[in-house]
Amino acid sequence: MKLIRSTRLVYNLYENWTSKFRVSFLSTDTGRSLCSIKSLQARISKVRDPKVSVVQVLESWIREGKSVNKAELQLLVRLMKEYRRFNHALEISQWMTDRRYLDLSPVDAAIRLELIYKVRGVDDAEYYFNNISNQLKSENSYGALLSTYVQEKSVEKAEKVMQKMSELGFANTSYPYNMMITLYAKAGDFKQIEKLIEEMEGKGIPHDIYTLRNRLHAYVAAGDASGFEKTLKEVENKLRIVDWKTYSFASDLYLKIGETEKALNMLKKLEDKIHILKRSLAFEHILSLYARVGNKDELYRVWNQYKPLLKLKNSSYSCMITSLAKMDDIDGAEKIFHEWESSCTMYDFRVVNKLLCAYCQKGLFDKAELLVNKAVQGRTPYASTWNVLAIGYMLNKQMDKAVEMLKKAMLVGRKGWKPNSLILNSCLKYLETQGNAEDREEILNLHKNLELQL
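Just so we're clear, the structure is a prediction, and the values are computed from it rather than from any experiment.

Looking now at unusual backbone geometry. Backbone geometry places R84, a non-glycine residue, at a positive phi of 65 degrees. With respect to the helices and strands, R84 occurs in the loop between α4 (70–82) and α5 (86–98). Judged by relative accessible area, R84 falls into the partly exposed class, the value being 42%. Of note in the backbone geometry, Y101 takes a positive phi value of approximately 55 degrees without being a glycine. Relative to the helices and strands, Y101 resides in the loop between α5 and α6 (106–120). Accessibility expressed as a relative area gives 62% for Y101, which makes it exposed.

Structure (structure tokens):
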């Protein structure tokens, strides 16, 4: 388990913090606003390519004699941001001021800074911050700037922003501390985390769920079971409901330091959460952790016990197949695959890939090709399916077959897909040593075509 899925965690922290500054955008004339905004949003949503501007859609809307107010544009920015269409969100934000001549609020400025970072990078985000008015350099904008530096893992710049926020009286909530704890955890500077915790306590700033989670992350990374257990007790005492991820972190830590019994105890607590949440993601974490423990009986027990309670996703079957393969139970993995195949409503080659990986790792290439040949009947496989076979053959030193599978992968590769650099370079080098200029040129041309699609 990774220490922190850094970009997503920082994003969640920022979203949670800025939510308290948001206003009710549709507080007046709600019916008209909702109808209007949905119609305009529908037009914008049709522009699926982030490289294609939505400005013409907005201009066309105005030329048709339709209106759009500031609150509606703010909502559109938020919606595009939530859909991770950052370029379109930035365009709408800029159109709001450049074409509609509407003033930015401090929250608008902070959101625009975040969008500039997402679209253009940290240098442009810094430039924007340095050139906005002091009125807009609010707690929001400083928080957005701090978030960019944390995502960039820029300790020195983040510390300067934190110091400035303290001087301005903006460091009086848990948010900037959580950001800095995240940064120091990624940097492995656990002493600084302790200093921040002490500073929060000295200022009377309460530890929220993000503070506690970040401390747990840090203890996992440091392998500090004592610190983790102390904080976990604090979490259990302070929070009425402890989320399942906390117990997942705990299991992970105990497995890392060889405390299997403690890991199993945390897994039992994690299991209890399934009854309440009925979340397939928590279910998949349990399967993966029992596979790491190496307890096949418990793995099957969890699968059979909780499967009826959940609406299983393809990812759940994939997780079970991978977990069984880790414990060399290929027969069991095959049974789970056939169970999925007989009941799936939409054929997902990602599930096929999991069993395919298991076969390749065991050198069962006859089974692997049989599986793929059956799966492709009447269907177009993902490029990754052929790529799995190519890597398997390469690792098994069957380079002719690796070249064959790589070609198949590149022929069906969709926009944005590229072959694994290791398999590509290995095949090119092999063909060069074999003096096979024709096949080498074919692969290079296929790769060039894929790059043109990016």
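What follows concerns the packing of aromatic side chains. All told, the structure shown has ten aromatic pairs when counted by the stated rule. Measuring from ring centre to ring centre gives 5.5 Å for W303 and Y317, while their planes differ by 75 degrees; the resulting arrangement is edge-to-face. Taken together, the residues span a long stretch of sequence, with W303 in helix α17 (residues 296–306) and Y317 in helix α18 (residues 314–326) at a distance of 14 residues. No difference in accessibility class separates W303 from Y317, as the two residues are buried. For the ring pair F337 and W340, a centre distance of 5.5 Å and an interplane angle of 45 degrees mean the geometry is tilted. One end of the pair is F337 and the other is W340, both in helix α19 (residues 330–343) and three residues apart, which spans about a single turn. The class for F337 is buried, based on a relative accessible area of 1%. Taken together through their ring pairs, the aromatic side chains of F337, W340, Y347, F349 and Y382 make up a single cluster. The ring of W61 is capped by K66, whose NZ or CZ atom sits 4.7 Å from the centre of that ring. Over the ring of F129 we find K137; its NZ or CZ atom is 5.1 Å from the centre of that ring.

Tracing the backbone shows E59 in helix α3 (residues 55–63). Between the C-alpha atoms of E59 and R99, which are 40 residues apart in sequence, the distance is 9.0 Å. Not counting the four nearest positions on each side in its chain, E59 is found in contact with W95 and R99. At 2.7 Å, the side chain of E59 forms a polar contact with the side chain of R99.

Glancing now at helix α13 (residues 225–238). In a regular helix each residue adds 1.5 Å, so 14 residues correspond to 20 Å; α13 covers 20 Å between its end C-alpha atoms and thus fits that length. Of all the positions in α13, only A225, G227, F228, T231, L232, E234 and V235 are classed as buried.

Here the focus is α4. Compared with the 18 Å implied by 1.5 Å per residue over 13 residues, the 18 Å span of α4 between its first and last C-alpha is a close match. Of all 13 residues making up α4, eleven are buried, and the element is well covered by its neighbours. Within α4, burial applies to A71, E72, L73, Q74, L75, L76, V77, R78, L79, M80 and K81. Measuring from the side-chain oxygen of the N-cap residue of α4 to the backbone nitrogen of A71 gives 3.2 Å; that N-cap residue is N69.

About the cut-offs
- Residues numbered from 1 in each chain as written.
- Predicted model: local features only at pLDDT ≥ 70, side-chain atom pairs only at ≥ 80, totals over all residues.
- Heavy atoms only, no water.
- Helix = DSSP H or I, 4+ residues; strand = E, 2+ residues; numbered from the N terminus.
- Buried < 20%, exposed > 50% of the residue type's maximum accessible area, 1.4 Å probe, protein only.
- Phe/Tyr/Trp six-rings, centres within 6.5 Å; stacked < 30°, edge-to-face > 60°.
- Lys NZ or Arg CZ within 6 Å of the ring centre and 35° of its normal.
- Contact = heavy atoms within 4.5 Å.
- Polar contact = N/O pair within 3.5 Å; in protein donor to acceptor, adjacent residues only side chain to side chain.
- Expected span 1.5 Å × (residues − 1).

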